Amino acid sequence: MRDTERLRHLHECARGKPSVSGVRAIVRFDRTVADLDRTEAFYRDHLGFVREGAPEPIPSAEAEALGVSGRCLRMRLGAQHVAFVQPDAPGAPYPAEADATDPVFQHLAIVVRDMAVASAGLSATPISRGGPQVLPPSTGGVIAYKFRDPDGHPLELIQFPGGTAARRWADAPGVFLGIDHSAITVSDLDQTIGFLTDILGLTLSDRSLNQGFKQARLDGLDNPVVDVVAVAPPDPAPHVELLHYRQPARSNPLKVYGPADLASTRFVFSGDDPTAIAKTLRGAGYAPRLSFDGSACFVAGPDGHGFLILRRG
């Protein structure tokens, strides 16, 4: 089945199955880090993030669902939010050998108005080879650049030259506009699509097959061929992006990282009823953790990616 036909088929399947999850939107991203002061300085000085209050203990319901105690620093870029979590008992560091084919690789895609200006003063470890890359027309001709934060977490700067995506960000002020999506590398594309659509109630919105020397330079890989699939909640900004590398093969065995590990980044959704979502997850063979008051539910997805669902409001 061709990619366009397969995407249409998956759309129809998703529409034919009623969503019982009540997941509404990605309200923020969580990223576990080693040092909140160092993290704040990097995201503030290089990427335009703004602090939202002083660091504070992880809210009790979230800490219970995550199985982690510690402090968190909330920061904002435009209308999107990230909570940086420093656990009291840090786990595994980010694996230095992990590249874009490893499921631990989860980047936040930061939209910029001018790539040359945004990347000019960036002091960070690069992932991309040769600086920002202008990708082929099949991708929309976006300009993108990948690099790492001080803990090794991947990030992406992305500039949309035109079209719907560019119009979405047209009114955002400044050079760094907001977070468009978070991308996760997955080993089984269909399984992850099923998890996100059938269980969490998201919808497939776009798909492409990326390859060629520009993609290789962007990813820092040799001869990559990668499925790129966008999956969105009812409130579509920001959204989830799935990266499935047909080649090269993953060089390391799959290792699952938990919320206390410094290699962990999590999607944080709002939902109508985390308790009902936990029940659905258990019925599908997953092992969610629910807070005592039922307001927070955490689950590891098919490749161990973290999903935290908080009661809406």
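A brief structural summary.

Criteria and thresholds
- Residues numbered from 1 in each chain as written.
- Predicted model: local features only at pLDDT ≥ 70, side-chain atom pairs only at ≥ 80, totals over all residues.
- Heavy atoms only, no water.
- Helix = DSSP H or I, 4+ residues; strand = E, 2+ residues; numbered from the N terminus.
- Rg over C-alpha atoms; globule rule 2.2 N^0.38 Å.
- Buried < 20%, exposed > 50% of the residue type's maximum accessible area, 1.4 Å probe, protein only.
- Contact = heavy atoms within 4.5 Å.
- Areas by Shrake-Rupley, 256 points an atom, 1.4 Å probe, with all protein chains shown as cover.
- Lys, Arg positive; Asp, Glu negative; His and termini not counted.
- Charge placed at Lys NZ, Arg CZ, Asp CG, Glu CD.
- Polar contact = N/O pair within 3.5 Å; in protein donor to acceptor, adjacent residues only side chain to side chain.
- Core = buried A, V, L, I, M, F, W, Y, C linked by side-chain atoms within 4.5 Å.
- Phe/Tyr/Trp six-rings, centres within 6.5 Å; stacked < 30°, edge-to-face > 60°.
- Expected span 1.5 Å × (residues − 1).
- Arc of directions from axis to C-beta.
- Pairing = 2+ DSSP bridges.

**So, the overall build of the protein chain**
Working step 1: In terms of regular secondary structure, the protein chain is built from eight helices and 18 strands.
Working step 2: What you see for the protein chain is a C-alpha radius of gyration of 18 Å, in line with the 20 Å of a compact globule of 313 residues.
Working step 3: Principal-axis analysis of the C-alpha atoms places the extent of the protein chain at approximately 50 × 50 × 40 Å.
Working step 4: Put simply, the protein chain has 313 residues, and 56% of those count as buried.
Working step 5: If you take every contact in the protein chain between residues at least 6 apart in sequence, the share linking residues at least 24 apart comes to 68%.
Working step 6: Looking at the protein chain as shown, the accessible area adds up to about 13100 Å², and 51% of this sits on carbon and sulfur atoms.
Working step 7: One finds the centroid of the 32 positive side-chain charges in the protein chain at a distance of 3 Å from the centroid of its 36 negative side-chain charges.

**Topic: helix 6 (residues 189–199)**
Side chains three or four residues apart in an α-helix point the same way, a direct result of the helix having 3.6 residues per turn.
Working step 1: Across the eleven residues of helix 6, eight count as buried, placing the element largely inside the fold.
Working step 2: Within the sequence span of helix 6, burial applies to Leu189, Thr192, Ile193, Gly194, Phe195, Leu196, Thr197 and Ile199.
Working step 3: Measuring from the side-chain oxygen of the N-cap residue of helix 6 to the backbone nitrogen of Asp190 gives 3.3 Å; that N-cap residue is Asp188.
Working step 4: Gly201 sits one or two residues past helix 6 and shows a positive phi near 85°.

**Re the nonpolar core**
Working step 1: Core analysis: the largest hydrophobic core is formed by 50 residues, its most contacted members being Leu47, Leu157, Leu200, Leu242 and Phe269.
Working step 2: Those residues in contact with Leu242 that lie beyond four places of it in its chain are Ile184, Val186, Leu189, Thr192, Ile193, Leu196, Asp227, Val228, Val229 and Val231.
Working step 3: Grouped together as the second largest cluster of nonpolar side chains are 15 residues, Tyr94, Val226, Val228 and Tyr257 included.

**Section: the packing of aromatic side chains**
Working step 1: Overall, the coordinates contain ten aromatic pairs when judged by the stated rule.
Working step 2: With a centroid separation of 5.2 Å and 80° between ring planes, the pair formed by Tyr43 and Phe49 is classed as edge-to-face.
Working step 3: Relative to Phe307, the ring of Phe195 lies with its centre 5.2 Å away and its plane at 55°, an arrangement referred to as tilted. Residue Phe195 is found in helix 6, and its partner Phe307 is found in strand 18 (residues 306–311); the two are separated by 112 residues along the sequence. Residues Phe195 and Phe307 agree in their burial class; the two are buried.

**Observations regarding unusual backbone geometry**
Most peptide bonds are trans, and most residues other than glycine sit at a negative phi.
Working step 1: In this chain, Gln247 is followed by Pro248 through a cis amide linkage whose omega measures -5°.
Working step 2: At Asn223, a residue that is not glycine, the phi angle is positive and equals roughly 55°.

**Some thoughts on helix 2 (residues 36–47)**
Working step 1: The first and last C-alpha atoms of helix 2 sit 16 Å apart over twelve residues, in line with the 16 Å expected at 1.5 Å per residue.
Working step 2: Among the residues making up helix 2, those that are buried are Leu36, Thr39, Glu40, Phe42, Tyr43 and Leu47. Summarising the axial view, the buried residues of helix 2 lie within an arc of 165°, below the 170-degree limit, and thus occupy one face. Residues of helix 2 that are exposed and point more than 90 degrees away from the buried face comprise Asp37 and Asp45.
Working step 3: At the N-terminal boundary of helix 2, the capping side chain belongs to Asp35, with an oxygen 2.9 Å from the backbone nitrogen of Asp37.
Working step 4: The positive-phi residue at the C-terminal boundary of helix 2 is Gly48, with phi of around 80°.

**A few points about the environment of Tyr43**
Working step 1: On the secondary structure map, Tyr43 appears in helix 2.
Working step 2: For Tyr43, a relative accessible area of 0% corresponds to the buried category.
Working step 3: With 106 residues separating them in the primary sequence, Tyr43 and Asp149 have C-alpha atoms 8.3 Å apart.
Working step 4: Among all residues touching Tyr43, those that are not within four sequence positions of it are Arg31, Gly48, Phe49, Met75, Phe84, Asp149 and Leu155.
Working step 5: Among the polar contacts listed, one links the side chain of Tyr43 to the side chain of Asp149, at a separation of 2.7 Å.

**Here's the deal with the pairing of strand 5 (residues 80–87)**
Working step 1: Counting buried positions over the eight residues of strand 5 gives six, a clear majority of the element.
Working step 2: As paired elements, strand 1 (residues 23–32) and strand 5 share four bridges and run parallel to each other. Considered in strand 5, the bridge of Arg31 is made with Phe84.
Working step 3: With eight bridges joining them, strand 4 (residues 70–77) and strand 5 adopt antiparallel strand pairing. Looking at strand 5, one finds that Arg74 is bridged to Ala83.
Working step 4: Taking the residues between adjacent antiparallel strands as the criterion, strand 4 and strand 5 are bridged by two residues, where Gly78 takes a positive phi near 65°.

**Comments concerning the pairing of strand 4**
A regular strand carries its side chains on alternate faces of the sheet.
Working step 1: Among the eight residues in strand 4, six count as buried, and that is most of the element.
Working step 2: Bridge count for strand 2 (residues 50–51) against strand 4 is two bridges, and the pairing is antiparallel. Its bridge partner being in strand 4, Arg51 is matched across the sheet by Met75.
Working step 3: Bridge count between strand 3 (residues 56–57) and strand 4: two bridges; the pairing is antiparallel. Counterpart to Glu56 in the pairing with strand 4 is Cys72.

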